[in-house]
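Summary of the model geometry
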Amino acid sequence: MSLDHKEQVIQYVPFTSFVHPSFWHSLTDIKLNVDKLNESTKQIYGRFTYRDDIGTAFEVDGTSFNKVPEMEQMYYNITGTIMNKNTIEDFKNIDKAALLNSIGEIIWPNIRRKTWISNPNSLLSFIILSFADLKRFHYYYWFAFPCPSQPTVYLKNKSKPVSTVFSNKQLEELSVGFKSLDTEQKCFFAITKEGDIIHVKPISKILDLNKPTQSEIDIDVVFAFIDPSNGPNPGWPLRLFIAALLEHCPSLSGTDVTIIGIRSSGSGNLNNSNVYTIAIPQNLQTVDSSGWVGWERNDKGNFGPKLANMSASMDPIKLADASSDLNIKLMKWRLVPDIDVEVMKRTKCLLLGAGTLGCHVARDLLAWGFRHITFIDSGRVSYSNPTRQVLFNHQDCLDGGRKKAEAAAQNLKLILPTVNSKAIVAHIPMPGHPVGESLLEETVTNIKLIIEAIAEHDVIFLLLDTREARWLPTLIAAHHGKIVVNAALGFDSYLVMRHGVGLRCMENAVSVNSTYIPGGLLGCYFCNDVTAPGNSLKDRTLDQQCTVTRPGVAAIAGALAVEVLVALLQHPLRVEAPALYNLNGDEDIASEMQGVLGPIPHSIRGFLHSFTSVTPTCAKFKQCIACSDVVINKYREEGTEFLLKVFNSGKYLEEVTGLSELQLAAEMTDILTFSDEDQDQE
């Protein structure tokens, strides 16, 4: 029968890519945390098998990025490359034909070096050209399975079932021999017959890799390959095998070659395998003079990329969690490569006060990646709150108003469902606010709640309305050695400061440098005071009881409070990070002191009436009413009893710390100075 070359040219069945969702999850994680802006290619693994229901599926999943491929029965792993571009323009504009030809220029010399004979699986490879839009979780990708466009060979007659060539006994021998092959030998191998007995052999037992070309092959040898096709035509792997075989054995030109396409079921049955008789022309066009092909067609049947829209299939909660960290991870790519993203996720923050400051601080903590936030507040949401306190809305004001701590914690979850936000409804006892018998039990309970909460958290934010409300958490935090960040508001001014942690105040200040103060010796909110806090709400009108400020002040102070904390966590000395007396002074000193995000001030005082700010620094005061050794030791000795004495009389703190004597000495100095002036006048 004469061959009609146009009708009987072999039509290889191409692979059809199948990408598991886990592949995009892994790619996203690698892009954000490892590759960042790096576009260099990455080795990955894919696999294929014969399945009668889906045909030539080529699969990749989350394990494709492993250093060692996952081994699954009846699956054949192939090494490939992924090229993930940074922009959609780069993805679109890359010359696809030139890319494939450049890869062919790498593959073909390796084939000529005969390395494939000892490892036939290495003949097969694949490429994924991709672009990951991580804002929308859209993934554009295009698979290619590189093969030379030549030589052109023909299918002589139609393929026929393997059962027409081998008996059942021989098929069993073929199945056993196939299973006994090493993994790297299974994609392409040889079959020989010795009488009626079938032998399965690696390619290296038939082809001599030490010879540049091989002129003779035993007439009884039949080559075989893993055939993923489920139709009458052979699968894509045969295309490259024929090119490699004819390069090594050019004497096969003008002959017919029998090749078996192995189609093994899950049980190892080979009855679905096909036998192909391939007619090879006498005059073959060389691979060197031809281009390379292999780009996959898209779902419309055209040569073009595919789109995986993972925003529709991913869990919305996981999607929100991954997206919320995008801004921070993008910082790490180029702007701050040394930033530690995980430290924010681990840090537990306690916010005392769920008002205007507390709401702003919580939102900024979320933006920086903090995921453990607890609110302490005893107030309720009123109708005047939602316009200034950004975590509340009108519904929170109805029916007398929800508890602020509970509403803030729950509304924070509406912004990011994965945040671990909690609420503690508790009133904070204060110096100068006497505790009557009727409130004693409730006060003791509140004290216990506050102490336990401070002990369980890493960072304490003081975001309260009054000066005296900050005393108890300042003392307890100093006792436990916790990081404290304080924010306070005036009408058009604000204060943000960090408290010293660790080192206690000394009798002398020899540890205080002339240019900076070590982090452990920094003063607290009360270290500049020489009087104990009293009841600041007594005999106050409404405008004096409420925190009346310019609306922008709280947002600025809240943002700065969080920025101070983040800078502190990123500093190599952490809480011991020193504070310079003048951040705008000696640049050499500043560079030595700064961390990943720069030097960290002790405090920031801002003034909106002039739109200026200063960064004063002060050391611990040995007679401080909150963080001095004498107060902390008194609390450790007497516990709640000491606290109740302070609440019932603010002056008690002045007696304990010696401030009363200090004030008396100052008054006596003034009297004596006044007396001396009178004598001089006389």
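Nothing here was measured: the structure is a model prediction, and the numbers come from that model.

As a further point, take the layout of surface pockets. Within this model, the second largest pocket holds a volume of roughly 350 Å³. As for the second largest pocket, its lining consists of 19 residues, of which I106, I107, N110, S122 and S125 are closest to the centre. Listed by contribution, the elements that provide at least two residues to the lining of the second largest pocket are β4 (76-85), α4 (96-112), α5 (115-118) and β5 (126-133). For the lining of the second largest pocket, the class distribution of residues is eleven nonpolar, eight polar and no charged.

Before going further, it helps to examine the pattern of salt bridges. Applying the stated rule across the entire model yields 16 salt bridges. A salt bridge links K42 to D35; its shortest N-O distance comes to 3.3 Å. A salt bridge links K114 to E247; the nearest nitrogen and oxygen atoms lie 2.9 Å apart. Of the two residues, K114 sits in the loop between α4 and α5 while E247 sits in helix α7 (residues 237-248), which places them 133 residues apart along the sequence. Here the two residues K114 and E247 agree in accessibility, since each one is buried. Via salt bridges that share partners, K634, E638, E641 and K645 belong to a single interconnected network.

Let us look at α4. For an α-helix, 3.6 residues make a turn, and residues three or four places apart therefore share a direction. Helix length check: α4, at 17 residues, gives a terminal C-alpha distance of 25 Å against a target of 24 Å (1.5 Å per residue), a fit within 8%. Buried within α4 we find K96, L99, L100, I103, G104, I107, W108 and I111. Its side-chain oxygen placed 3.2 Å from the backbone nitrogen of A97, D95 serves as the N-cap of α4. Among the residues trailing α4, K114 stands out with phi positive, at a value near 70 degrees.

A separate point is the confidence of the model for the chain. Note that predicted coordinates carrying low pLDDT should not be read in detail. This prediction gives the chain a mean pLDDT of 86; 88% of its residues lie at or above 70. Put simply, helix α15 (residues 542-545) is where the chain has its lowest mean pLDDT, 44, and strand β16 (residues 348-352) is where it has its highest, 98. Ignoring residues within four places in sequence, the model shows residues 1-7, a span with pLDDT below 50, making five contacts including any to other chains. Long-range and interchain partners of residues 504-510, a stretch whose pLDDT sits below 50, account for 13 contacts in this model, where long-range means more than four residues apart.

The next thing to look at is the sheet that holds strand β17 (residues 372-377). Judged by pairing direction, the sheet is mixed, and its eight strands sit side by side in the order β18-β17-β16-β19-β20-β21-β24-β25 without closing on themselves. Each end of this open sheet is capped by a strand with a single partner; those strands are β18 (420-425) and β25 (612-614). Within the sheet, the average angular offset between the axes of one strand and its neighbour, ignoring direction, is 15 degrees. The pairing of strand β21 (residues 493-498) with strand β24 (residues 603-607) spans five bridges and is classified as antiparallel.

Bringing the side chain of E247 into the picture now. In terms of polar contacts, E247 uses its side chain to reach the side chain of K114, at 2.9 Å. Discounting chain neighbours no more than four positions away, the residues touching E247 are W108, I111, R112, K114 and T213.

Look at helix α13 (residues 437-456) against helix α19 (residues 640-648): their axes get within 12 Å of each other, and the N-to-C directions meet at 115 degrees. Our pair here, α13 against α19, has a crossing hand that is right-handed. Contacts between α13 and α19 involve L440, T443, V444 and I447 from the former and T640, L643, L644 and F647 from the latter.

The description of an aromatic ring pair rests on the distance of the ring centres and on the angle between the ring planes. If you walk through the whole model with that rule in mind, you get 26 aromatic pairs. Both rings, one in F225 and one in Y276, keep their centres 6.4 Å apart while their planes meet at 35 degrees; by these two values the pair is tilted. Taken together, the residues F225 in strand β11 (residues 222-226) and Y276 in strand β13 (residues 274-279) connect sequence positions 51 residues apart. Comparing F225 with Y276, the two get one shared label, buried. Each member of the aromatic cluster is reached from another via a ring pair, and the members are F15, F23, W24, F48, F58, F65, Y76, F126, Y139, Y141, F143 and F145.

The subject of this paragraph is the pairing of β18. Strand direction decides the pairing type here: β17 and β18, joined by six bridges, are parallel. By the bridge assignment for β18, I373 is matched with S421. Remark: the β17/helix α12 (residues 404-415)/β18 crossover connection has right-handed handedness.

Counting 98 residues, the largest nonpolar core has L174, F223 and F241 as its most contacted members. Here the element with the most residues in this core is α7; it accounts for eight residues. With 53 residues, the next largest nonpolar core counts I339, V381, A408 and Y494 among its residues.

This part covers the pairing of β11. Among the five residues that make up β11, five are buried, leaving the element largely enclosed by the rest of the structure. Across the two faces of β11 the burial is the same, with V222, A224 and I226 and F223 and F225 all buried. In this structure, β11 lies alongside strand β12 (residues 256-262), joined through four bridges in parallel fashion. Paired with F225 across the strands is G261, a residue of β12.

When we look at burial in helix α9 (residues 326-335), the residues that qualify are L326, I328, K329, M331, K332 and W333. Those residues of α9 hidden inside the fold are in contact with α2 (21-35), α8 (316-324), α10 (341-346) and α11 (356-367).

This part is about the environment of K205. Following the sequence through the fold, K205 ends up in the loop between β10 (197-202) and β11. Linking K205 and F189, residues 16 residues apart in sequence, is a C-alpha distance of 9.3 Å.

What counts as what
- Every chain is numbered independently, its residues counted from 1 as its sequence is written.
- Only residues with pLDDT of at least 70 get local features here, since the model is predicted, and only at 80 or more are side-chain atom pairs given and counted; chain-wide, interface and lining totals rely on the full set of residues.
- Based on all heavy atoms of the structure, the side-chain values leave hydrogens and waters out of the count.
- The pocket and cavity definitions rest on a 1 Å grid over protein atoms only: a 1.4 Å probe that fits but cannot leave marks a cavity, an open set with protein on both sides within 12 Å along at least five of seven lines marks a pocket, and residues lining either have an atom within 4 Å of a point.
- Grid points are joined across faces, edges and corners, and a volume is the space filled by probe spheres set on the points.
- Each helix is a run of DSSP H or I of at least 4 residues and each strand a run of E of at least 2, with the numbering of both proceeding from the N terminus.
- Polar here means any residue outside two lists: the nonpolar Ala, Val, Leu, Ile, Met, Phe, Trp, Tyr, Cys and Pro, and the charged Asp, Glu, Lys and Arg; Gly therefore counts as polar.
- Any Lys or Arg side-chain nitrogen found within 4 Å of a carboxyl oxygen on Asp or Glu counts as a salt bridge.
- With a 1.4 Å probe rolled over the protein chains alone, any residue whose accessible area is under 20% of its type maximum counts as buried; one over 50% counts as exposed, and the rest are partly exposed.
- An expected span of 1.5 Å times one less than the residue number is assigned to each helix.
- Two N or O atoms count as a polar contact when they lie within 3.5 Å, although within protein this holds only if one can serve as hydrogen donor and the other as acceptor, and sequence-adjacent residues are included solely when both atoms are side-chain atoms.
- The predictor reports its confidence for every residue as pLDDT, a score running from 0 up to 100.
- Note on definitions: a residue-residue contact is assigned when non-hydrogen atoms from the two residues lie within 4.5 Å.
- What makes two strands pair is DSSP finding at least two bridges between them.
- Axis lines are fitted to C-alpha atoms, over the contacting stretch for helices. Their N-to-C directions set the angle, which ranges from 0 to 180 degrees.
- Handedness of a crossing follows from how the near helix is turned relative to the far one, being left-handed for an anticlockwise turn of less than a right angle and right-handed for a clockwise one.
- Put simply, two rings from Phe, Tyr or Trp (the six-membered ring, in Trp's case) pair if the centres are within 6.5 Å, and we call them stacked under 30 degrees between planes, edge-to-face over 60, tilted for the rest.
- A crossover gets the label right-handed when its path from the first strand over the helix to the second runs clockwise, viewed with the strands pointing away from the viewer.
- Residues belong to one nonpolar core when they are buried, are Ala, Val, Leu, Ile, Met, Phe, Trp, Tyr or Cys, and are joined through side-chain atoms within 4.5 Å.

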